[in-house]
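# Working through the structure, step by step
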Amino acid sequence: MVSYKELGLVNSKELFKKAIKGKYAIPAFNFNNMEQLQAIIAACVETKSPVILQVSSGARKYANQTLLRYMAQGAVEYAKELGYAIPIVLHLDHGDSFELCKDCINMGFSSVMIDGSHLPYEENIALTKKVVEYAHKHDVTVEGELGILAGVEDDVMAEHHTYTRPDEVVDFVTRTGVDSLAISIGTSHGANKFTPEQCTRDKNGVLIPPPLRFDILEEIEKRIPGFPIVLHGSSSVPQEYVKTINKYGGNLKDSIGIPEDQLRHAAQSAVCKINIDSDGRLAMTAAVREVFAKNPAEFDPRKYLGPAREELKKLYMHKTKYVLGSAGKA
Ligand code: G3H
Ligand code: 13P
Ligand code: ZN
């Protein structure tokens, strides 16, 4: 058993309080390899942003759970070496069982998500409460979820959004004791968040997705004022990456994300954690494809993962400065 405190990590409590007060959101970036982690830390140190490093159960399987934990510990030292010790949270993304959450807490995670959103309401409450009881003994913060995002989540496919019901939030947060609540207001996971049919076109023919349900968010904020809200599925799917990928041999279709102005708007509300994974995948893929297309003889991984890491860093700096508003808040 190792406490995250010994590793130099922090939980999300104070970060969320400051984020709500300061009207910005903390970036929650997923990682499962070294280049992603280097880019996240370098970008957040350079922009002086606090950061949540997210590890999914898929990432634990891919990269090895022990290695990932040591990498996060290394990230704390790396930030210091870069010259500025930003607050770093190590968070389990989409935990699906008490055992997984407990395991992560025991190995140094400072925050966990227990995602019972697919369960019947009372089962979601019971599971979330059990995780909270264990986590709080160790001063670890817990994110719960109400409502279901459309798209693929935890290998479960939901065709339509089940928006969070404002009527349930007071009961859920008081009975479970969670520290933050992920909600469903129209975001979804992956790079295909909307079909072209769901979108309208502006005068230049650019697809405009339907707006997020800010009315539901406002209703939730009225019921639980000042309570930290989390948005999953918040990649913007930058079209320049989609174009580069397709130009250099890729085949991405109907890749549409959440417009940045909507995320900026959300970050100024009680939304204080915004999850971004897919945009990083697109940035890496675009950079790697470009290297291979321009130099098919290249076979040194540093020559394609290096440019991918640079592109990722640019992307993350853009997010903290111009979308989430977390730059300068560390
Ligand atoms: O919400 C899901 C995250 O993007 C993590 O994805 O389970 O493929 O690692 P993953
Ligand atoms: P995106 O797929 O939109 O990046 O969402 C990531 C996420 O919600 C991780 O939990
Ligand atoms: Zn998610």
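Residues numbered from 1 in each chain as written. Chains lettered and ligands numbered in written order. Predicted model: local features only at pLDDT ≥ 70, side-chain atom pairs only at ≥ 80, totals over all residues. Heavy atoms only, no water.

## A few points about the pairing of strand E4 (residues 111-114)
Here E4 shows no split at all, with Ser 111 and Met 113 on one side and Val 112 and Ile 114 on the other all buried. Two elements, strand E3 (residues 88-95) and E4, share three bridges in a ladder whose sense is parallel. If you follow Leu 92 over to E4, its bridge partner there is Val 112. Following the chain from E3 across helix H5 (residues 98-106) to the adjacent parallel E4, one finds a crossover that is right-handed. What joins E4 to strand E5 (residues 141-146) is helix H6 (residues 121-137), and the crossover it makes is right-handed. (Buried < 20%, exposed > 50% of the residue type's maximum accessible area, 1.4 Å probe, protein only. Helix = DSSP H or I, 4+ residues; strand = E, 2+ residues; numbered from the N terminus. Pairing = 2+ DSSP bridges. Right-handed = clockwise from strand over helix to strand, strands pointing away.)

## What about the coordination of the zinc ion (ligand 3)?
For the zinc ion (ligand 3), the full set of protein donor atoms is His 94 (NE2), His 189 (NE2) and His 232 (ND1), at a range of 2.1 Å. The sequence pattern formed by the donor residues of the zinc ion (ligand 3) is H-x94-H-x42-H. Within this pair, whereas His 94 is found in strand E3, its partner His 232 is found in the loop between strand E11 (229-231) and helix H9 (239-247), the two being separated by 138 residues in sequence. Here His 94 falls in the buried class, since its relative accessible area comes to 8%. Judged by relative accessible area, His 232 falls into the buried class, the value being 1%. (Donors = N, O, S within 2.8 Å, 3.2 Å for Na, K, Ca; no water.)

## Some thoughts on the packing of aromatic side chains
Taken as a whole, this structure holds three aromatic pairs when the rule is applied. With 4.3 Å between their ring centres and 40° between their planes, Phe 29 and Tyr 316 make a pair best called tilted. Here the residue Phe 29 occupies a position in strand E1 (residues 26-30), and Tyr 316 occupies one in helix H12 (residues 301-324), the gap between them amounting to 287 residues. Of the two residues examined, Phe 29 and Tyr 316, each falls in the buried class. Aromatic pair Phe 292 and Tyr 304: ring centres 4.6 Å apart, planes at 50°, arrangement tilted. With Phe 292 in helix H11 (residues 278-294) and Tyr 304 in helix H12, this residue pair connects regions lying 12 residues apart in the sequence. (Phe/Tyr/Trp six-rings, centres within 6.5 Å; stacked < 30°, edge-to-face > 60°.)

## So, the environment of Ile 208
Along the chain, the position of Ile 208 falls in strand E10 (residues 207-208). The class of Ile 208 is partly exposed, set by a relative accessible area of 36%. For the pair Ile 208 and Gly 74, spaced 134 residues apart in sequence, the C-alpha to C-alpha distance is 41 Å. For Ile 208, the contacting residues outside a window of four places in its chain are Cys 199, Thr 200, Arg 201 and Asp 202. (Contact = heavy atoms within 4.5 Å.)

## Some points on helix H1 (residues 13-22)
Among the residues of H1, those classed as buried are Leu 15, Phe 16, Ala 19 and Ile 20. All buried residues of H1 project into a common sector of 125° when viewed along the axis, lining one side. Along H1, exposed side chains directed more than 90 degrees from the buried face belong to Lys 17 and Lys 21. As for H1, its buried residues are in contact with E1, strand E2 (51-56), E3, strand E8 (180-183) and strand E12 (271-276). (Arc of directions from axis to C-beta.)

## Remarks on the packing of H9 against H11
Two elements in contact, H9 and H11, have axes whose closest approach is 8 Å; the angle formed by their N-to-C orientations is 35°. Handedness of the H9/H11 crossing: left-handed. Seen from H9, the contacting residues are Tyr 241, Thr 244 and Ile 245; seen from H11, they are Asp 279, Leu 282, Ala 283, Thr 285, Ala 286, Arg 289 and Glu 290. Residue classes in the contact of H9 with H11 are distributed as five nonpolar, two polar and three charged. (Axes fitted to C-alpha atoms, helices over the stretch in contact; angles between N-to-C directions. Left-handed = near helix turned anticlockwise from the far one by under 90°. Nonpolar A, V, L, I, M, F, W, Y, C, P; charged D, E, K, R; others polar.)

## Comments concerning the pairing of E1
Where a strand is regular, its side chains alternate between the two sheet faces. Across the five residues of E1, five count as buried, placing the element largely inside the fold. The two faces of E1 match: Ile 26, Ala 28 and Asn 30 on one face and Pro 27 and Phe 29 on the other face are all buried. Pairing of E1 with E12 involves four bridges; the strand directions are parallel. Its bridge partner being in E12, Pro 27 is matched across the sheet by Ile 274. In the sheet, E1 pairs with E2 via three bridges, with the strands oriented parallel. Opposite Asn 30, over in E2, you have Gln 54 as the bridge partner. For the handedness criterion, the β-α-β arrangement of E1, helix H2 (residues 34-46) and E2 is classed as right-handed.

## Digging into the sheet that holds E3
The eight strands lie next to each other as E1-E2-E3-E4-E5-E8-E11-E12, forming a closed barrel whose pairing is parallel. Sheet twist, expressed as the average angle between the axes of neighbouring strands with direction ignored, equals 25°.

## Topic: the site of ligand 2
Taken together, 16 residues lie around ligand 2, and Asp 93, Lys 193, Ser 235, Asp 277 and Ser 278 are the ones closest in. Within the contact set of ligand 2, an oxygen atom lies 2.7 Å away from a side-chain nitrogen or oxygen of Asp 93. A distance of 2.6 Å is found between an oxygen atom of ligand 2 and a backbone nitrogen or oxygen belonging to Asp 277. Out of a free accessible area of 310 Å², ligand 2 has 96% covered by protein chains. At the level of secondary structure, the elements contributing two or more residues to the shell around ligand 2 comprise E3 and E12. (Near = heavy atom within 4 Å. Polar contact = N/O pair within 3.5 Å; in protein donor to acceptor, adjacent residues only side chain to side chain. Areas by Shrake-Rupley, 256 points an atom, 1.4 Å probe, with all protein chains shown as cover.)

From the geometry alone we can't say anything about function, so treat these as descriptive.
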